[in-house]
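Fold and contact review
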Amino acid sequence: MLRFLTAGESHGRCMIAILEGMPAGLKIDLKEMNIELKRRQLGYGRGDRMKIEGDNVDILCGVKNGMTLGSPIGLYVKNSDFRIDDLITLTNPRPGHADLVGCLKYGHEDIRNVLERASARETVSRVAVGAVCKLFLEEFGISVLSEVLAIGGEKNKEKMNKKIDQARKNLDTVGGIFSLTAVGVPPGLGSYVAADRRLNARLAGVLSSIPAIKAVEFGLGTGYASAFGRAVHDAIYYSKDKGFYRKTNNAGGIEGGMSNGEPIVVRCTMKPIATVGKPLDSVDIVTKKSTKAAVERYDTCAVAAAGVVAESVMAFELSNAMVEKFGGDSMNEVKRNYKAYVKGIKT
Ligand code: EPS
């Protein structure tokens, strides 16, 4: 089993993660990992925080001479904008953010005590974890990539950027949709035998845990609602070199809670970011008087960045399912088991 924990506040000293269960003998390419962190910072509509942060990962433990040891991997990313103790108290929660409920739940009278951890800055740690997982998946020819499909209802690149410009001009924010595709995934990750082992459920869980993600669909997704069965189920074919295959992929690569060997295709919808320059009505949590919501520095649009975060959490979940299916404490052992299985299901 693979597992990880993250820690860190947006304006605290650093963002960290511990990844446990990664087999020994995986070659770690720090340059590749930092490319992933850089990708998370990009995209049209990102705010000024990204100009401050370098987001480079340091591997503190679990790796020796560029190879994983099989022990927990400690990952550290420094926050350049480290000033948590000097920030002013805020008592006006932002609708759509964790501020209000977080204060009620934890008994805080300063929404900063909530927002510092609820901030999407936490996804730095998840991308660092996902970057290790991507290196693991690469060893099996598996890759995960995202693409922005729509922003504010627009699907054309130029119009998408115009929507972002419009939102920025109006001191507003805008959301959108991105796709996520994993290729090279062998059939049989996940399982139909128990609810918590279903791969689609596991992926939906981790994807919807990304801040601001409000919908996750697989393959044809909501399109299934208006179709007849014969038109949408992916007919089965076989050839000696390909093994079993499909000519269509409406299932999005998952049937019965298991990968079926076709690309895993997911679409995620991200709501507009909750901090808006022209704030909505709110209530002061201390005085209970009407006020306007807090305005912090914010991103006008972070759909492309959320796509990169989604790649990371998907890479983690697929790596977890690979380790579960093919076992092994070392890369050699996992590869041996993987090769024997893949050969076996083709014959
Ligand atoms: C983010 C860092 C944050 C925000 C953003 C994501 O930094 P700051 O608050 O200093 O500007 O830019 O956070 C949110 C979208 C949010 O809702 O909290 C990052 O590193 O991704």
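For the structure given in this document, a descriptive report is provided here. (Residues numbered from 1 in each chain as written. Predicted model: local features only at pLDDT ≥ 70, side-chain atom pairs only at ≥ 80, totals over all residues. Heavy atoms only, no water.)

Regarding unusual backbone geometry
The phi angle of most residues is negative, glycine excepted, and most peptide bonds adopt the trans form. Condition: Helix numbers and strand numbers start at the N terminus; a helix is a DSSP run of H or I with at least 4 residues, a strand a run of E with at least 2. Relative accessibility under 20% of the residue-type maximum defines a buried residue, over 50% an exposed one, and the middle range a partly exposed one, all with a 1.4 Å probe and only protein chains included.
The backbone of Asn65 shows a phi angle near 50°, a positive value even though the residue is not glycine. Mapped onto the elements of the fold, Asn65 is located in the loop between strand S4 (63–64) and strand S5 (67–68). Judged by its relative accessible area of 73%, Asn65 falls in the exposed class. The backbone of Leu171 sits at a positive phi, close to 55°, despite the residue not being glycine. Mapped onto the secondary structure, Leu171 falls in the loop between helix H6 (157–169) and strand S8 (176–183).

A closer look at the side chain of Glu262
Quick reminder of the rule: The sign given to each residue is positive for Lys and Arg and negative for Asp and Glu; His and the chain ends receive no count. Salt bridges are defined as contacts in which a side-chain nitrogen from Lys or Arg sits within 4 Å of a carboxyl oxygen from Asp or Glu. Polar contact is defined as a pair of N or O atoms within 3.5 Å, subject to the rule that within protein one atom must be able to donate a hydrogen and the other to accept it, and that residues adjacent in sequence are counted only when both atoms are side-chain atoms. Any two residues having at least one pair of non-hydrogen atoms within 4.5 Å are treated as being in contact.
By secondary structure assignment, the location of Glu262 is in the loop between strand S13 (258–259) and strand S14 (264–270). Despite its burial, Glu262 pairs with no opposite charge, the nearest such side chain being Arg246 at 5.1 Å. One polar contact links the side chain of Glu262 to the main-chain amide nitrogen of Arg246, over a distance of 3.1 Å. Other than its neighbours up to four places away in sequence, Glu262 contacts Tyr245, Arg246, Asn249 and Gly253.

Some details on the packing of helix H5 (residues 123–138) against helix H9 (residues 303–326)
Quick reminder of the rule: Axis lines are fitted to C-alpha atoms, over the contacting stretch for helices. Their N-to-C directions set the angle, which ranges from 0 to 180 degrees. For classification, angles of less than 35 degrees are called roughly parallel, those exceeding 145 degrees roughly antiparallel, those between 65 and 115 degrees roughly perpendicular, and all remaining angles oblique. Two helices cross in a left-handed way if the nearer one is turned anticlockwise from the farther one by less than a right angle. They cross in a right-handed way if the turn is clockwise. By the convention adopted, Pro, Cys, Tyr, Trp, Phe, Met, Ile, Leu, Val and Ala count as nonpolar, Lys, Arg, Asp and Glu as charged, and the other residues, Gly among them, as polar.
Interaxial distance between H5 and H9 falls to 7 Å at its minimum, and their mutual angle equals 50°. As the angle between them shows, H5 and H9 are arranged oblique. Considering the relative orientation of H5 and H9, their crossing is left-handed. Here H5 contributes Thr123, Arg126, Val127, Val129, Gly130, Cys133, Lys134, Phe136 and Leu137 to the contact with H9, which in turn contributes Val308, Val309, Glu311, Ser312, Val313, Ala315, Phe316, Leu318, Ser319, Met322 and Val323. Taken together, the residues of the contact of H5 with H9 break down into 13 nonpolar, four polar and three charged.

What to know about H6
The criterion, for reference: In this analysis, the expected span of each helix is defined as 1.5 Å times one less than the number of residues it contains. The arc refers to the directions leading from the helix axis to the C-beta atoms.
Spanning 13 residues, H6 covers 18 Å between terminal C-alpha atoms, matching the ideal 18 Å at 1.5 Å per step. By the burial criterion, the buried members of H6 are Met160, Ile164 and Ala167. Relative to the axis of H6, the buried residues are bounded by an arc of 60° and lie together on one face. Opposite the packed face of H6, turned more than 90 degrees from it, sit the exposed residues Glu158, Lys162 and Lys169. Of the surrounding secondary structure, the elements contacted by the buried residues of H6 are strand S7 (143–151). Two or three places before Glu158, at the opening of H6, Asn156 has a side-chain oxygen 3.0 Å from that residue's backbone nitrogen. Downstream of H6 by one or two residues, Leu171 has phi in the positive range, about 55°.

Digging into the site of the ligand
Put simply, the rule is: Put simply, a residue is near a molecule or strand once any heavy atom of it comes within 4 Å of that molecule or strand. Residue exposure ignores everything except the shown protein chains as possible cover, and the areas themselves are Shrake-Rupley values with a 1.4 Å probe.
In the neighbourhood of the ligand, 13 residues make up the surrounding shell, with His11, Arg40, Arg49, Arg121 and Arg297 lying closest. Within the contact set of the ligand, an oxygen atom lies 2.7 Å away from a side-chain nitrogen or oxygen of Arg297. Look at the ligand: alone it shows 480 Å² of surface, and the protein chains cover 91% of it.

Description of the side chain of Glu36
Among the structural elements, Glu36 can be located in helix H1 (residues 30–41). Ignoring sequence-local partners within four residues, the contact set of Glu36 consists of Val127, Ala131, Lys134, Val308 and Glu311.

A closer look at the environment of Lys134
Within the secondary structure, Lys134 is located in helix H5. A relative accessible area of 12% places Lys134 in the buried class. Residues Lys134 and Ser312, 178 residues apart in the sequence, show an inter-C-alpha distance of 7.5 Å. Aside from chain neighbours lying at most four places away, what touches Lys134 is Glu36, Arg39, Val144, Glu311 and Ala315. Looking at Lys134, its side chain comes within polar contact range of the main-chain oxygen of Val144, at 3.4 Å.

A short note on the sheet that holds strand S1 (residues 3–7)
Defined as follows: For two strands to count as paired, DSSP must find a minimum of two bridges between them.
One open sheet holds the four strands; their spatial order is S1-S2-S6-S3, and the pairing between them is antiparallel. Both outer strands of the open sheet, S1 and strand S3 (57–61), are each paired with one neighbouring strand and no more. For this sheet, the mean angle separating the axes of adjacent strands, direction not counted, is 20°. Relative to strand S6 (residues 73–78), S3 is paired through four bridges, and the arrangement is antiparallel.

Remarks on the packing of aromatic side chains
Counted only if it meets this: A pair of Phe, Tyr and Trp rings is counted when the ring centres sit within 6.5 Å of each other, with Trp represented by its six-membered ring. The angle between the planes then sorts it: under 30 degrees is stacked, over 60 is edge-to-face, the rest tilted.
What the rule picks out here adds up to seven aromatic pairs. By way of ring pairs, the aromatic residues Phe136, Phe140, Phe326, Tyr338 and Tyr341 are connected into one cluster.

Examining a nonpolar patch on the surface
The following threshold applies: Patches draw on residues past 30% relative accessible area with no salt bridge. Two like charges within 9 Å are joined, as are two nonpolar side chains (Val, Leu, Ile, Met, Phe, Trp, Tyr) within 5 Å.
Among the surface-exposed residues, Leu100, Val101 and Leu104 lie close enough to one another that they form a single nonpolar patch of about 310 Å² accessible area. Its location among the elements puts Leu100 in helix H3 (residues 99–106).

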